[in-house]
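These are the residues of each chain, in order.
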Amino acid sequence: LLFVTTLLLVVAFVAFAADVTGKWTYETAGRNGGAGRPTTITLKQDGAKLTGSIPAQMGGRGRGGAAADPAAPPPPDQEISNGKVDGNKISFEVKRTTPNGDMVTKYEGTLDGDSLKLKITRPAMGGGDPPAPVEVVAKRATT
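Here the residue numbering is sequential within each chain, running from 1 through the sequence in written order. Note on the predicted model: pLDDT of at least 70 is required for a residue's local features to be given, and 80 or more for side-chain atom pairs to be given and counted; whole-chain, interface and lining totals, by contrast, use all residues. No hydrogens and no water enter the side-chain calculation; it runs on all heavy atoms of the structure.

A. Up close: the side chain of Ser115. For helices the rule is a DSSP run of H or I covering at least 4 residues; for strands it is a run of E covering at least 2, with both sets numbered from the N terminus onward. With respect to the secondary-structure elements, Ser115 resides in strand S8 (residues 115–121). In the analysis that follows, any N or O atom pair within 3.5 Å is treated as a polar contact, provided that within protein one partner can donate a hydrogen and the other can accept it, and provided that, for residues neighboring in sequence, both atoms belong to side chains. Within the local environment of Ser115, its side chain forms a polar contact with the side chain of Lys139, the two groups lying 2.8 Å apart. Dropping the residues within four chain positions of it, Ser115 is found in contact with Trp24, Thr110, Val137, Ala138 and Lys139. Only heavy atoms enter the contact rule, under which two residues are in contact if any of them lie within 4.5 Å.

B. Summary view of the pattern of salt bridges. We count a salt bridge whenever a side-chain nitrogen from Lys or Arg sits within 4 Å of a carboxyl oxygen from Asp or Glu. A complete count under the given rule lists 4 salt bridges for this structure. Between Glu108 and Lys119 there is a salt bridge, with the nearest N and O atoms lying 3.5 Å from each other. One end of the pair, Glu108, is in strand S7 (residues 101–112); the other, Lys119, is in strand S8, and 11 residues separate them in sequence. To sort residues, take the accessible area from a 1.4 Å probe on protein chains only and compare it with the maximum for the residue type: under 20% means buried, over 50% means exposed, and anything in between is partly exposed. On the accessibility criterion, Glu108 (42% relative accessible area) is partly exposed. When its relative accessible area of 31% is taken as the criterion, Lys119 is described as partly exposed. Among the ionic pairs, Arg140 bridges to Asp114, the shortest N-O distance being 3.0 Å. On the criterion of sequence distance, the pair formed by Arg140 in strand S9 (residues 134–140) and Asp114 in the loop between S7 and S8 is long-range, its members being 26 residues apart.

In structure tokens:
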């Protein structure tokens, strides 16, 4: 009887566990006080494993905000790696290959209903001190 009760509690807990599967949109501040830039990430949860993708950095645009070739298709989304779900906490990484080598951005978040509070930690650029982590709140897309 104790075994059956324990099993039912585990099943109930899993049934009520948060699911982050879906599209999530957040906005980061623009450079030099400019307009913010929305970013939509796609997440897929399978138990404790988290997969998905995030748009290519800067949407494929170079410095100055202008695309090198406006007629060129945007770069493909980048797959997330090391994605984990632990209760309402998530974490994942995005590795980008740049002319200066591979750079890994780390994402850690807490799910609260249709809000996902994310802390984004980017690597140092040019060997200097890394920038301070950025905190954003992503909202679950309804479409």
